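# Remarks on the overall topology
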Amino acid sequence: MNKDILHQSISYLARREHTQKELVQKLKNKGFVHDEIDEVLHFLIENNYQSQFRAAQSIIRNRVSRGYGQFYIQNELKQKGISSDIERMAYQDEPVDWFELVTQTYLKKYGDIAIKDPKDKAKRIRFLQSRGFSYDEIASVLSLS
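Keep in mind it's a predicted model, so treat the numbers as computed, not measured. (Residues numbered from 1 in each chain as written. Predicted model: local features only at pLDDT ≥ 70, side-chain atom pairs only at ≥ 80, totals over all residues. Heavy atoms only, no water.)

## Describing the UniProt feature "domain: RecX second three-helical" (unreviewed entry) in the chain
What counts here: UniProt positions are given in the numbering used here, feature names are shortened, and annotations may be inferred rather than shown by experiment. Starting at the N terminus, helices and strands are each numbered in turn, a helix being any DSSP run of H or I of at least four residues and a strand any DSSP run of E of at least two.
With numbering matched to this structure, UniProt assigns "domain: RecX second three-helical" (unreviewed entry) to residues 54-86. Overall, residues 54-86 shows 76% helix and 0% strand. The separation of its end C-alpha atoms is 9 Å.

Dropping the structure here:
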């Protein structure tokens, strides 16, 4: 096993949780060989240094705290190589009230400022959609304002 790859991997994982896909990409960018990366990655997984579940939990917690909705988070998890099964388990471990989150996100951005016209309403809808909230969640918060 290549010790340089192992040390670099542990260094990355010490800073934050990484998915397997992220680790492989970072190590490839450092110039390491794919076969040696796989061997080290297998070791990291066996010894619980790297966990897809912990990485998913970390991503979900981080994005929820920044006001992102479920669709945005799902897309990010998929891009980072997290399976839908692991995603489901992570959501069960980290329950989120999406309607409360969309309300907090909306109020943080717009506060008590009333909607001026249809153009302003469309702008607010687009903002919340870009954050990954569903139409039902967006409609619930716009009915409050």
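## What to know about helix α3 (residues 34-46)
Threshold: Helices are assigned an expected span. That span is 1.5 Å times one less than the residue count. Exposure is judged per residue with a 1.4 Å probe applied to protein chains only, and the accessible area is read against the type maximum: over 50% gives exposed, under 20% gives buried, and values in between give partly exposed. The reported arc concerns the directions from the helix axis to the C-beta atoms and nothing else. In this analysis, two residues are considered to be in contact whenever any of their non-hydrogen atoms come within 4.5 Å of each other.
The terminal C-alpha atoms of α3 lie 18 Å apart, and with 13 residues this matches the ideal 18 Å at 1.5 Å per residue to within 8%. Where α3 is concerned, the buried positions are I37, V40, L41 and L44. Viewed end-on, α3 has its buried residues packed into an arc of 105 degrees, placing them on one side of the element. Summarising the geometry of α3, the exposed residues directed more than 90 degrees from the buried face are D35 and E46. Taken together, the buried residues of α3 touch α1 (3-15) and α2 (20-29). One or two steps after α3, the chain reaches N48, where phi turns positive at roughly 60 degrees.

## Concerning the environment of Q50
Under the convention used in this document: Counting of polar contacts relies on pairs of N or O atoms within 3.5 Å, with two restrictions inside protein: one atom must be capable of donating a hydrogen and the other of accepting it, and residues adjacent in sequence are counted only when both atoms are side-chain atoms.
Mapped onto the elements, Q50 comes out in the loop between α3 and α4 (52-65). Assessed through its relative accessible area of 2%, Q50 is described here as buried. With residues near it in sequence (within four places) discarded, Q50 still touches L13, H18, T19, Q20, L23, L44 and I45. Among the polar contacts listed, one links the side chain of Q50 to the backbone oxygen of H18, at a separation of 2.8 Å. Here the side chain of Q50 touches Q52 through a polar contact of 3.1 Å, side chain to side chain.

## Observations regarding the confidence of the model for the chain
Predicted coordinates in areas of low pLDDT are best not read in detail. Counted only if it meets this: Per-residue confidence from the prediction method is given by pLDDT, with values spanning 0 to 100.
On average, residues of the chain carry a pLDDT of 93, and 99% of them reach 70 or more. Mean pLDDT across the secondary structure elements of the chain bottoms out at helix α9 (residues 135-144), with 90, and peaks at helix α5 (residues 70-79), with 96.

## Notes on a negative patch on the surface
For clarity, the cut-off: Patches in this entry comprise residues that are over 30% relatively accessible and not in a salt bridge; like charges within 9 Å are linked, as are nonpolar side chains (Val, Leu, Ile, Met, Phe, Trp, Tyr) within 5 Å. In these tables, accessible area is a Shrake-Rupley quantity obtained with a 1.4 Å probe, and a residue counts as shielded only by the protein chains included in the view. Any Lys or Arg side-chain nitrogen found within 4 Å of a carboxyl oxygen on Asp or Glu counts as a salt bridge. A positive count includes Lys and Arg, and a negative count includes Asp and Glu. His and the chain ends are not counted in either. To locate a charge, the coordinates of NZ of Lys, CZ of Arg, CG of Asp or CD of Glu are taken.
Among the surface-exposed residues, D35, E36, D38 and E39 lie close enough to one another that they form a single negatively charged patch. Within the fold, D35 resides in helix α3. A residue is classified by how much of its surface remains accessible, and D35, at 61% relative accessible area, is exposed.

## With respect to the side chain of E87
Looking at the element boundaries, E87 is found in helix α6 (residues 84-93). Of the side chains with opposite charge, R88 lies nearest to the buried E87, which makes no salt bridge, at 6.9 Å. Leave out the neighbours within four places in its chain, and E87 touches I60, Q74, L77 and I82.

## Details of the pattern of salt bridges
With the rule as written, the count across this model stands at seven salt bridges. Its salt-bridge partner being E22, residue R16 comes within 3.3 Å of it at the nearest N-O pair. Taking the relative accessible area as the measure of exposure, E22 reaches 13% and is therefore buried. E76 is the salt-bridge partner of K80, the closest N and O atoms lying 3.3 Å from each other.

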